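Listed below, chain by chain, are the residues.
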There are 2 protein chains.
Amino acid sequence: MSKTQKFSIDATQEEDFPRWYKETITKSELLDYHDINGCYVLRPNGYFIWNTIKAYFDAKILAMGVEEAYFPMLVSKSALEREKDHLENFAPEVAWITECGGKPLENPVAIRPTSEAIIYPYFAKWIQSYRDLPLKVNQWCNILRWETTQPMPFIRGREFLWQEGHTAHFAREEADKEVLEILDHYAGVYEEVLAVPVVKGRKSIKETFAGADYTTTIEAFVPSSGRGIQAATSHSLGTNFSRMFGVGVEDPKNPGTQTPVFQNSWGLSTRSIGVCILVHSDNRGLVLPPKVAPVQVVIVPCGITKKTTAEDNTRVLEAASELEASLKARGIRAKSDLSQSVSPGCKFNHWEVRGVPLRVEVGPRDLQNGTLSLVWRANSTKKTVSLENAPETLASELDAIQAFMFTQAQSVRDARTVVVDSIEGLLKAVQQKQMAKASWCGEEACEDGIKQKTTEKDQDGTVTAMGAKSLCIPFKPNTPIQAQCIGCTSPAIAVGLFGRSY
Amino acid sequence: MSKTQKFSIDATQEEDFPRWYKETITKSELLDYHDINGCYVLRPNGYFIWNTIKAYFDAKILAMGVEEAYFPMLVSKSALEREKDHLENFAPEVAWITECGGKPLENPVAIRPTSEAIIYPYFAKWIQSYRDLPLKVNQWCNILRWETTQPMPFIRGREFLWQEGHTAHFAREEADKEVLEILDHYAGVYEEVLAVPVVKGRKSIKETFAGADYTTTIEAFVPSSGRGIQAATSHSLGTNFSRMFGVGVEDPKNPGTQTPVFQNSWGLSTRSIGVCILVHSDNRGLVLPPKVAPVQVVIVPCGITKKTTAEDNTRVLEAASELEASLKARGIRAKSDLSQSVSPGCKFNHWEVRGVPLRVEVGPRDLQNGTLSLVWRANSTKKTVSLENAPETLASELDAIQAFMFTQAQSVRDARTVVVDSIEGLLKAVQQKQMAKASWCGEEACEDGIKQKTTEKDQDGTVTAMGAKSLCIPFKPNTPIQAQCIGCTSPAIAVGLFGRSY
């Protein structure tokens, strides 16, 4: 145990959410705050989660033939200006380097807010014939977006880490297929690794990525705030960028003429860690799914008192060490906390704050009985299991915890997703911290209207609760489309998932 | 085979080195040039090498208890100014963001040229007692140094990738020990992975990292230029930074008083890829050691002519495919090049440019004889081996190529390292593209003098060849120290390794 043993979470989610969040992420040593607003340190505990996500996703895209590369962070003004819609969207957040070594730069350069404008000139150069297709590259890198809204660690930062995949295809069908394959892998990151259920769907026109034909998304639900949160997006860029950047090949049907390629881009960021924290954690601090927990099992010797013999005490400490070794040999990230100057209660608290999924208590009585006492972090379940075959038993427990956390989050999400048939119904739903499905026309103006009508203000006109937006148009709405749009008088064409959001 | 099959290397190292280098790195698709000077794209072939280095080094430092983290890229002016020597050295290369989203920033922020000034304020916060020591973190990230000298891809860029390790220890001895352990792992990256022999040593006073107590280094030799090149450095920072940044713990000998911790920092960059290219490649293009080659074995069907039967031809193509599959199953990165519209000669050329270590030729006669023909990229060795047990045989061949490449580079390096006892001797050595060992006083002024006296100029006073500098003071000079320094009249205290450099 380190110095931080004395720290526990003082704030509660209900009473002071911002403070609870800050305490939860800092006291668990996931993250620290930088002296530049919107920038954060990803500490080893936090980076461990990111590396786990990275390994999972890399294996998936490697199997799809995606290759890893690294493109420059700097982009010239001329390249950035090539795709107008895209630029217009990102320009307000772009950071410019204008001075180097004390001298002004003749041509200031921007730092990537995303890399379409950096990567596609290379696509134009590298793709000369259909034999060079498909081209699929991915990079893991840092991104800088000078947001002016209040930053929130992991969720919305100025600098953050992400992966961005960029691909080019000869046929639209092939590109379309890939958009969904990637979305499935993103859903895998959330559901299989982070134990966070997501809804797959398509973004509304208003929420589509600037320059894309369409954007697919996965959306998660944060119980404490009742808000939806965009978890990752996979875009079909169609030929919008390829026309602007001149990425084309000879059209086999019209020899001598060029045809633009079909492009996709897709990204997943360290926001995923934030979503995992928001979905699972509680007022005692972090709760981590076993797959991403730096420490999966903590072993705490218990029942050592003034009355127990020195021999008993030694046996307990030895048993804890041996158990740690046998769990590690089984590939379980185990840690025994043998300090004798700290009480078991303090240790429990210390490891709970850090979200360790499974606590094992070993005491003299356990050793006599050949048992171990287990406590699940996620729901405080207690169990007594046999010391024999402990590594296998505990591996199964970790699997069970992982499954439980997903199922629990899914139940909560489902119970808090309602179907509404009016704006009033939608407002009531979001006031009750729910997401709502509603039949909808899908139009931008209508979405603006819905947002406005669900925005709450006090008597002075100050906004007290943001309006609902369309999180996505779910691929599987599981509810029939009604005739009329809830937002306007037009016919409904889809079921939208609405909610307050991040 | 892609479109690039038509490309071969036109320039030679002897006649036009810069063009040869550019062709070698671009036609092998390792790298591409960006429209901002000093920035480059690391293409999948190049990134593969970096990932291999990363995996090797990560395993070594993980075993040392180093944890991975990520610190912000941006640094405030006040933090950057905390360590004066350090700032003075980096200030001329620091890039500043002064404008975001079209508006000037009130407090401009710098982009990391290295992260001591970013990381150590956290060390001060995280280290409260000796129980928090040692603290060992490493990050893999991008760095920006606005160099004004001519950039060279991989070797000297403005943006580059590296790892930077930062550690804090209670005792100087422990910190000193780690400096050398890391240096050993860096030597491992070069010698075991990249097949590049290095000399381990200590930097002269003049070449020591700004703010360090001492800098250890590994130095490689580039035969074509006859120059030495700094390959990686591991610094003992002593208490210089910890005093400036207030990183201390209570002194157990003087309770109530703080004692600063001992710090190290150590870095290895994508320059390592450049060194590997410079050391091994030849006028036909890239030569890659098997351990870092994206394709280790290329299989080319040969001997298919108008006279061979369709049945024979099919058998050859099938045998090539089967061989590819069996090699892959053995963990060998194999590729069969089955295109029938391209001649074997063109294929040989194509894969040679990319540095594929081993070519396998399969023809009808080979199949009749149950043999395969092998050609080593590194030295054009040809062999005929049995088709039976080909995976095992080829795995051994790859090991042999890796070993050969190291030994060959070592022989060349050793033959071109001489011992000199005068400035004239040193000048002659560097003119003959050699490195030279010389007894030396180690003083900064003397090093300046040596550099000046070995700089060559034409009649107009224009520098035609740079002076020699001390590459390092080798730990194992393998030659006795003479009484007098070669640069001045002072007594010699060490043997220095001198040479022209990058």
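Residues numbered from 1 in each chain as written. Chains lettered and ligands numbered in written order. Predicted model: local features only at pLDDT ≥ 70, side-chain atom pairs only at ≥ 80, totals over all residues. Heavy atoms only, no water.

- Going by the annotation in an unreviewed UniProt entry, the name recorded for chain A is proline--tRNA ligase, with Nematocida displodere given as the source organism.
- Recorded in UniProt for chain A, the comment headed Catalytic activity (unreviewed entry) runs: "tRNA(Pro) + L-proline + ATP = L-prolyl-tRNA(Pro) + AMP + diphosphate".
- As stated in UniProt under Sequence similarities (unreviewed entry), the record for chain A gives "Belongs to the class-II aminoacyl-tRNA synthetase family." (UniProt positions renumbered as here; feature names shortened; annotations may be inferred.)

Focus: the overall build of chain A
For step 1, the next point in the chain: In terms of regular secondary structure, chain A is built from 14 helices and 25 strands.
For step 2, the next point in the chain: Relative to the globule expectation of 23 Å for 502 residues, the C-alpha radius of gyration of chain A, 26 Å, shows essentially globular dimensions.
For step 3, the next point in the chain: Oriented by its inertia axes, the alpha-carbon framework of chain A measures out at about 90 × 50 × 50 Å.
For step 4, the next point in the chain: Out of the 502 residues in chain A, the part that is buried amounts to 60%.
For step 5, the next point in the chain: Considering only residue pairs separated by 6 or more positions, chain A has 68% of its internal contacts joining residues 24 or more positions apart.
For step 6, the next point in the chain: Put simply, chain A shows about 20500 Å² of open surface, and 49% of that area lies on carbon and sulfur atoms. (Helix = DSSP H or I, 4+ residues; strand = E, 2+ residues; numbered from the N terminus. Rg over C-alpha atoms; globule rule 2.2 N^0.38 Å. Buried < 20%, exposed > 50% of the residue type's maximum accessible area, 1.4 Å probe, protein only. Contact = heavy atoms within 4.5 Å. Areas by Shrake-Rupley, 256 points an atom, 1.4 Å probe, with all protein chains shown as cover.)

Comments concerning the state of the cysteines
For step 1, the next point in the chain: Taken as a whole and judged by the stated rule, the model has 0 disulfides over all chains.
For step 2, the next point in the chain: Cys485(A) takes part in no disulfide bond, and the closest cysteine sulfur to it belongs to Cys446(A), at a distance of 3.5 Å. (Disulfide = S-S within 2.5 Å.)

Topic: the sheet that holds strand S7 (residues 135-144) of chain A
Either a parallel or an antiparallel arrangement is found when strands of a sheet pair, and the pairing is made through backbone hydrogen bonds.
Residue and element names in this part refer to chain A.
For step 1, the next point in the chain: The strand order S3-S7-S8-S14-S11-S10-S9-S24-S25-S21-S20 describes an open sheet built from 11 strands, whose pairing is mixed. Edge positions in the sheet fall to strand S3 (67-68) and strand S20 (417-419), since each has one partner strand and no second.
For step 2, the next point in the chain: With 3 bridges connecting them, S20 and strand S21 (residues 435-440) associate as parallel partners. Residue pairing in the sheet places Val419 in a bridge with Lys437 of S21.
For step 3, the next point in the chain: Strands S21, strand S24 (469-474) and strand S25 (494-499) of the sheet are contacted by helix H14 (residues 444-453), whose axis makes an angle of about 140 degrees with S21. (Pairing = 2+ DSSP bridges. Axes fitted to C-alpha atoms, helices over the stretch in contact; angles between N-to-C directions.)

Here we look at the interface of chain B and chain A
For step 1, the next point in the chain: Counting residues at the interface gives 53 residues for chain B and 53 residues for chain A.
For step 2, the next point in the chain: Approximately 4700 Å² of surface area, both sides summed, lies buried where chain B meets chain A, with 59% of it carried by carbon and sulfur atoms.
For step 3, the next point in the chain: Counting every contact that joins chain B to chain A gives 2 salt bridges.
For step 4, the next point in the chain: Note that Asp32(A) and Lys125(B) form a salt bridge whose closest N and O atoms lie 2.5 Å from each other.
For step 5, the next point in the chain: Along the contact surface separating chain B from chain A lie 31 residue pairs in polar contact (both at pLDDT 80 or more).
For step 6, the next point in the chain: Ranked by the residues each element gives to the side of chain B that touches chain A, the list is headed by strand S5 (residues 95-100) of chain B, at 6 residues.
For step 7, the next point in the chain: Broken down by class, the residue content of the side of chain B that touches chain A amounts to 32 nonpolar, 8 polar and 13 charged. (Buried area = accessible area lost by both parts, 1.4 Å probe. Salt bridge = Lys/Arg side-chain N within 4 Å of Asp/Glu carboxyl O. Polar contact = N/O pair within 3.5 Å; in protein donor to acceptor, adjacent residues only side chain to side chain. Nonpolar A, V, L, I, M, F, W, Y, C, P; charged D, E, K, R; others polar.)

Notes on the domain arrangement of chain A
All names here are of chain A.
For step 1, the next point in the chain: Split by domain assignment, chain A resolves into domain 1 (17-280), domain 2 (297-401) and domain 3 (417-499).
For step 2, the next point in the chain: Using only C-alpha atoms to locate each centre, domain 1 and domain 3 end up separated by 27 Å.
For step 3, the next point in the chain: Contact residues are listed per partner, giving 21 residues for domain 1 and 18 residues for domain 3.
For step 4, the next point in the chain: Summed over both partners, the interface of domain 1 with domain 3 comes to about 1600 Å²; 64% of that surface belongs to carbon and sulfur atoms.
For step 5, the next point in the chain: Contact with domain 3 buries area across many residues of domain 1, yet Ser204, Ile205 and Lys206 alone supply 29% of it, more than any other trio. (Domains from an automatic or database assignment.)

Overview of the packing of aromatic side chains
For step 1, the next point in the chain: According to the stated counting rule, one finds 38 aromatic pairs over all chains in the structure shown.
For step 2, the next point in the chain: Between Trp50(A) and Trp140(A), the aromatic rings sit 5.5 Å apart at their centres with planes inclined by 80 degrees, giving edge-to-face as the arrangement. Remark: Trp140(A) occurs in strand S7 and Trp50(A) occurs in helix H2 (residues 44-63); sequence separation between them is 90 residues. Accessibility classification places Trp50(A) together with Trp140(A) in one group, the buried group.
For step 3, the next point in the chain: Ring centres of Phe160(B) and Trp162(B) lie 5.9 Å apart, and the angle between their planes is 80 degrees; this geometry places the pair in the edge-to-face category.
For step 4, the next point in the chain: Residue classification places Phe160(B) among the buried residues on the basis of a relative accessible area of 15%.
For step 5, the next point in the chain: With relative accessibility at 10%, the residue Trp162(B) sits in the buried group. (Phe/Tyr/Trp six-rings, centres within 6.5 Å; stacked < 30°, edge-to-face > 60°.)

Overview of the UniProt feature "domain: Aminoacyl-transfer RNA synthetases class-II family profile" (unreviewed entry) in chain A
For step 1, the next point in the chain: Cross-referencing UniProt, the feature "domain: Aminoacyl-transfer RNA synthetases class-II family profile" (unreviewed entry) maps to residues 38-289 of chain A in the present numbering.
For step 2, the next point in the chain: With 32% helix and 33% strand, the stretch residues 38-289 of chain A has end C-alpha atoms that lie 26 Å from each other.

Structural notes on the nonpolar core
For step 1, the next point in the chain: Residues Ile97(A) and Ile97(B) are the most contacted members of the largest nonpolar core, which totals 144 residues.
For step 2, the next point in the chain: Excluding anything up to four places from it in sequence, Ile97(A) contacts Leu74(A), Leu105(A), Pro108(A), Val109(A), Ile111(A), Ala95(B), Trp96(B), Ile97(B), Ile111(B) and Leu144(B). (Core = buried A, V, L, I, M, F, W, Y, C linked by side-chain atoms within 4.5 Å.)

Topic: empty space enclosed by the protein
Residues and elements named next belong to chain A.
For step 1, the next point in the chain: Evaluation of the coordinates by the stated rule reveals 5 cavities of 30 Å³ or more.
For step 2, the next point in the chain: The volume enclosed by the largest cavity comes to roughly 160 Å³.
For step 3, the next point in the chain: Those elements that provide at least two residues to the lining of the largest cavity are strand S2 (40-42) and strand S8 (159-169).
For step 4, the next point in the chain: As a volume, the second largest cavity reaches approximately 80 Å³.
For step 5, the next point in the chain: As for the second largest cavity, its lining consists of Arg284, Val298, Phe348, Trp351, Glu352, Val356, Leu358, Arg359, Val375, Trp376, Arg377 and Ser380.
For step 6, the next point in the chain: Those elements giving two or more residues to the lining of the second largest cavity turn out to be helix H10 (344-353), strand S17 (358-362) and strand S18 (371-376).
For step 7, the next point in the chain: Of all the elements, H10 adds the most residues to the lining of the second largest cavity, at 3 residues.
For step 8, the next point in the chain: Of the residues contributing to the lining of the second largest cavity, the split by class is 7 nonpolar, 1 polar and 4 charged. (1 Å grid on protein atoms, 1.4 Å probe; cavity = no way out; pocket = protein on both sides within 12 Å on 5 of 7 lines; lining within 4 Å. Points joined across faces, edges and corners; volume = space filled by probe spheres on them.)

A word on the pattern of salt bridges
For side chains of opposite charge, pairing can occur when their charged atoms come near one another.
For step 1, the next point in the chain: Applying the stated criterion across every chain yields a total of 50 salt bridges over all chains.
For step 2, the next point in the chain: With its nearest N and O atoms 2.8 Å apart, the salt bridge here joins Lys206(A) to Asp448(A). Of this pair, Lys206(A) sits in the loop between strand S9 (199-202) and strand S10 (214-222) while Asp448(A) sits in helix H14, and the two are 242 residues apart along the sequence.
For step 3, the next point in the chain: Residue Asp448(A) is classed as partly exposed on the basis of its relative accessible area of 36%.
For step 4, the next point in the chain: In this structure, Glu219(B) and Lys203(B) form a salt bridge, with 2.7 Å as the shortest nitrogen-oxygen distance. Placement of Glu219(B) in strand S10 (residues 214-222) and of Lys203(B) in the loop between strand S9 (199-202) and S10 is noted, with a sequence separation of 16 residues between them.
For step 5, the next point in the chain: A relative accessible area of 2% means that Glu219(B) is categorised as buried.
For step 6, the next point in the chain: Each of Asp282(A), Arg284(A), Glu352(A), Arg359(A), Glu361(A) and Arg377(A) takes part in one network of salt bridges that share partners.

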